[in-house]
Amino acid sequence: MTRPDAAPAPPPSAEPPSIAGGLLMGLGLGGFVDGVLLHQVLQWHHMVSDIHGKEPTTLAGLEVNTMADGFFHVVTWLFVLVGSLLLVDAWRQGRLAPSWSFHLGLLLAGWGVFNLVEGVVDHQVLGVHHVRDDLGGPLSWDLGFLALGALLVVAGWLLHRRGRRAMLARSRTAA
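Model, not experiment: these values are computed from the prediction. (Residues numbered from 1 in each chain as written. Predicted model: local features only at pLDDT ≥ 70, side-chain atom pairs only at ≥ 80, totals over all residues. Heavy atoms only, no water.)

Draft legend 1. Representation of the overall build of the protein. Looking only at helices and strands, one finds four helices and zero strands in the protein. If you list the helices and strands of the protein from N to C, you get α-α-α-α. Against the compact-globule benchmark of 16 Å for 175 residues, the protein has a radius of gyration of 20 Å, which places it well outside the compact range. Burial statistics for the protein: of 175 residues in total, 39% are counted as buried. Intrachain contacts of the protein at a sequence separation of at least 6 include 76% that bridge at least 24 residues. As displayed, the protein has an accessible area near 10100 Å², and 72% of this comes from carbon and sulfur atoms. Taken as two groups, the 11 positive and 13 negative side-chain charges of the protein have centres that lie 22 Å from each other. (Helix = DSSP H or I, 4+ residues; strand = E, 2+ residues; numbered from the N terminus. Rg over C-alpha atoms; globule rule 2.2 N^0.38 Å. Buried < 20%, exposed > 50% of the residue type's maximum accessible area, 1.4 Å probe, protein only. Contact = heavy atoms within 4.5 Å. Areas by Shrake-Rupley, 256 points an atom, 1.4 Å probe, with all protein chains shown as cover. Lys, Arg positive; Asp, Glu negative; His and termini not counted. Charge placed at Lys NZ, Arg CZ, Asp CG, Glu CD.)

In structure tokens:
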């Protein structure tokens, strides 16, 4: 039985889904990994832990950093939400369903973009925190974070392209 408010499904097209949904989900999930693992579990840094007067070594500094971490998690959650909505919209348009390598590649590339942007902006330009604020010389950790981001972008994009080629080949043979 069909719901009265359900739109009829459009005919399937040979067009793959947009990359925006997967990249946004990757950005958000990469932010969650950073926030949960590095901020909360390992407690290597917080959002503003390298700002004078906001160090998490005092109760007031920890409160400010906890709130900043919370706002950071809200933003990463919104990235995942918008990415999910874009993917659902693509499916409703009748686009090809993404293959695992198409989608996983975009997730990895998005995570890498997160690392690169966050590593350059927060660690280097603004200097609000570093990967390891608990160490005296955090530059090597920051550079490793950027290298991991670049590796994720390249590996993710290559995996995504392989999945895209395979999806398009399957859609041509099915037509």
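Draft legend 2. Structural view of the packing of aromatic side chains. Summed over all chains, the structure comprises two aromatic pairs. Here the aromatic rings of Trp44 and Trp141 are separated by 5.0 Å at their centres, their planes lie at 70 degrees, and the arrangement is edge-to-face. Within this pair, whereas Trp44 is found in the loop between α1 (20–41) and α2 (59–92), its partner Trp141 is found in helix α4 (residues 139–174), the two being separated by 97 residues in sequence. Using a relative accessible area of 34% as the deciding quantity, one classes Trp141 as partly exposed. (Phe/Tyr/Trp six-rings, centres within 6.5 Å; stacked < 30°, edge-to-face > 60°.)

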